[in-house]
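Spelled out, the chains give:
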2 protein chains.
Amino acid sequence: MKIGIDLGGTNLVVALCQESGELVTKQTVPTKIGDPEGLKADMKMLAKKVCDSKGISYKHVTSIGLGVPGSFVKETCTFEFATNLEMSNVCFADTFKPDFDVPVYLDNDANCAALGEALRGAGRGMRNVVMITLGTGVGGGIVIDGKLYTGSNNIAGEIGHMVIVAGGDQCNCGRRGCLERYCSANALVRMANEAMDGGAEESSLRALRDAKGKLYGKDICDARDAGDALADKAFDQYCDYLACGLANLINIMQPDCIVIGGGVSGYGEKLLAPVREKTAREQFKVGDKATPIMVATLGNDAGLIGAAMLNR
Amino acid sequence: MKIGIDLGGTNLVVALCQESGELVTKQTVPTKIGDPEGLKADMKMLAKKVCDSKGISYKHVTSIGLGVPGSFVKETCTFEFATNLEMSNVCFADTFKPDFDVPVYLDNDANCAALGEALRGAGRGMRNVVMITLGTGVGGGIVIDGKLYTGSNNIAGEIGHMVIVAGGDQCNCGRRGCLERYCSANALVRMANEAMDGGAEESSLRALRDAKGKLYGKDICDARDAGDALADKAFDQYCDYLACGLANLINIMQPDCIVIGGGVSGYGEKLLAPVREKTAREQFKVGDKATPIMVATLGNDAGLIGAAMLNR
């Protein structure tokens, strides 16, 4: 059995998984922000609790993996820093001893989600998988030959900070024109706002924006579903940029599949259909074998399962 | 010992290499265009000749690798098609039997060059290397953990067809704004031409263009060396785009180093200095550890050595 831990800014979740990655049970407590000793004690307590609840001896646990937000040093199993946890330089290597005398692995939460989806979710059975997460920002993770690829300094996979519009929109990372500026949920909202502000076209989104003060990605999707032409145009523009980014990733890496996660992926087939068609048109391929593009299937469990499956 | 073969549109080169990849000796004949049987006979003849010339028994050869232009099927060791060779569907699996009863591997020439540079050239000692070739077009190759990464359908590494200017210049591949349109040797010439045509600025390149009818990448570099301000501006613009592409590759893959080959790399440190500085500013890094960027060191031998080192 393996234990996977998702250290989030709100909740701490600990899961017991089969060696294959199948989730057996999980337990959640609120994350003790700014209290590293309390946090470690909670982790250990929950690790024991998930085993106890299934009558599993601690000796049958072979490894423990942690998905963390922010920066870390994999080699020493040390979490360095994340703004929303209000703690720094916390080493987890000995946290579970003596009850669990096993290796403790650590990686960032986006990478863990990618590994989980690649091994047990939408990418199951594939060797090389790229996951892209479309949320407030755009994140990613790369799995090669069934293992996380993290590159030099363990910071590979910053897919959102690939520039697709040289000299374009200013990104928080300092570059201009990053994919994140065109494919986050916020970007979809911006495109709708710009369309409204740049013209007089009628749209149900105008009244909604006035009423709510602010639009969300889902509002654009809902308006599009209801037949709103402006929402449809903004969404089409969003899909063009996303397909541009995906075709870039494919031309460089030719993964066996691309998995899309994050809030925007909740739009499901209505997102996938246009994105698949646009991407297939732009990507290098053999014959008509376009790279499969799927939505993530594990939801919040992806990071937990991926953390459990970390192995170096 | 290993044998590496570079099947080019002009010459066929066959090399004998140590198991480590060190080149021992090589022989060259003109490529028999449109004559697959003659080509195979030449390959075998040269393979025997390089061994004979060093008194190496054919039994001591452990593998043979071919770098080919155009499309191929790795699994069956079959070269499918390349315009400039005027032949199609040539299988090399049995070409060297019975004299050499060893596995025959095959990959594209750009990938072979990347593997050669990663193992024995500028990337020697590094695990993960991305090579980018700046010539008439922009090519590339990816080496992960000391092995070629070719992805699904063996067509990964099309770095030149990553869009960096969405909706930009039309590329031959069908996309718009590909790196190849901004970072090939031709792109550098185009930037100088556009600067001349778009303004009245004085430049030694005007007279040169009138005299030669057409400029080449080296002309822009030479003019810049001689203090030509317009050439310097065009070159600076070229370096901006190249740094954009390299920072994209780094943010996605975080290789241990990037190796630059192809004609433009002949400009050496004068290319590297600005590109390193611009790339370091844009890439994700830990502290100030920017990704090393080097020029290729093996020249035309890179593909030969890489072919010899193919192993799957």
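Structure: above.
Draft legend 1. Spotlight on the interface of chain B and chain A. In this complex, chain B contributes 38 residues to the contact, which on the side of chain A involves 38 residues. Carbon and sulfur atoms supply 58% of the area buried between chain B and chain A, which totals about 3,200 Å² over both sides. For the pair chain B and chain A, the number of links is two salt bridges. Here E282 of chain B makes a salt bridge to R175 of chain A, at a shortest N to O gap of 2.7 Å. Put simply, chain B and chain A have 25 residue pairs in polar contact (both at pLDDT 80 or more) between them. In terms of residue count, helix 7 (residues 229–253) of chain B provides more of the side of chain B that touches chain A than any other element does, nine residues in total.

Draft legend 2. Representation of the side chain of E180 of chain A. All names here are of chain A. Position of E180 relative to the elements: it lies in helix 3 (residues 180–183). An unpaired buried charge is present at E180: no salt bridge exists, and R181, the closest side chain of opposite charge, is 6.5 Å distant. At 2.9 Å, the side chain of E180 and the backbone nitrogen of V138 are in polar contact.

Draft legend 3. Seen up close, the state of the cysteines. For the coordinates displayed, the defined rule picks out zero disulfides over all chains. The structure places no disulfide on C77 of chain A, whose sulfur is separated from the nearest cysteine sulfur, that of C91 of chain A, by 6.0 Å. C183 of chain B carries a free sulfur, and the closest cysteine sulfur to it, the one in C244 of chain B, is 8.2 Å from it. Taking the relative accessible area as the measure of exposure, C183 of chain B reaches 0% and is therefore buried.

Draft legend 4. Just the sheet that holds strand 2 (residues 11–17) of chain B, in detail. Residues and elements named next belong to chain B. Taken in spatial order, the five strands make up an open sheet running 3-2-1-4-8, and their pairing is mixed. On the outer flanks of this sheet lie strand 3 (23–30) and strand 8 (104–108), each paired with one strand and no other. Strand-to-strand twist across the sheet, computed as the mean angle between neighbouring axes with direction ignored, equals 20°. When strand 1 (residues 2–7) meets strand 2, the two strands line up antiparallel, connected through six bridges. Along strand 2, the bridge assignment pairs K2 with C17. Contacting strand 4 (63–68) and strand 8, helix 2 (residues 109–120) crosses the sheet at an angle of about 105° to strand 8. Strand contacts of helix 9 (residues 301–308): strand 1, strand 2, strand 3 and strand 4, with the helix running at about 135° to strand 1, the strand carrying the most contacts.

Draft legend 5. Examining the side chain of T279 of chain A more closely. Residue and element names in this part refer to chain A. Within the secondary structure layout, T279 lies in helix 8 (residues 269–282). For T279, a relative accessible area of 1% corresponds to the buried category. Ignoring anything within four residues of it in the chain, the contact list for T279 reads A243, L246, A247, I250 and I293.

Draft legend 6. Looking closely at the pattern of salt bridges. Residue and element names in this part refer to chain A. Under the defined criterion, the tally for this structure stands at 47 salt bridges over all chains. Among the salt bridges present, the one from D225 reaches K270, with a minimum N-O distance of 2.9 Å. One end of the pair, D225, is in helix 6 (residues 217–225); the other, K270, is in helix 8, with 45 residues separating them in the sequence. Under the relative-accessibility criterion, D225 is labelled partly exposed at 41%. Relative accessible area serves as the criterion here: at 41%, K270 is assigned to the partly exposed category. A salt bridge links D240 to K278, with the shortest nitrogen-to-oxygen separation between them at 2.8 Å. With a gap of 38 residues between them, D240 in helix 7 (residues 229–253) and K278 in helix 8 connect regions that are remote in the sequence. Judged by relative accessible area, which is 38%, D240 ranks as partly exposed. Through salt bridges that share partners, D169, R181, R190 and E194 make up one connected network.

Reading the values: the criteria
Residues take numbers from 1 onward in each chain, read along the sequence in its written order. Each chain takes a letter, starting from A, and each ligand takes a number, starting from 1, following the order in which they are written. Totals for whole chains, interfaces and linings use every residue, but because this is a predicted model, local features are given only for residues with pLDDT of at least 70 and side-chain atom pairs only at 80 or more, for both listing and counting. No hydrogens and no water enter the side-chain calculation; it runs on all heavy atoms of the structure. Any pair of residues with heavy atoms lying within 4.5 Å of one another is described as a contacting pair. In short, buried area is how much 1.4 Å probe accessible area vanishes from two parts on joining, totalled over both. Salt bridges are defined as contacts in which a side-chain nitrogen from Lys or Arg sits within 4 Å of a carboxyl oxygen from Asp or Glu. Here a polar contact is taken to be a pair of N or O atoms separated by no more than 3.5 Å, where protein atoms must pair a possible hydrogen donor with a possible acceptor and residues adjacent in sequence count only if both atoms sit in side chains. Secondary structure counts use DSSP, requiring at least four H or I residues in a row for a helix and at least two E residues in a row for a strand, with both numbered from the N terminus. Exposure categories follow from relative accessible area, calculated using a 1.4 Å probe and restricted to protein chains: below 20% of the type maximum is buried, above 50% is exposed, and the middle band is partly exposed. In this charge count, Lys and Arg are treated as positive and Asp and Glu as negative; neither His nor the chain ends contribute. Note on disulfides: each one is a pair of cysteine sulfur atoms within 2.5 Å. Here, strands pair whenever DSSP counts at least two bridges between them. Convention adopted: a line fitted to C-alpha atoms gives each axis, helices being fitted over their contacting stretch, and angles between N-to-C directions are expressed from 0 to 180 degrees.

None of this, on its own, says anything about what the molecule does.
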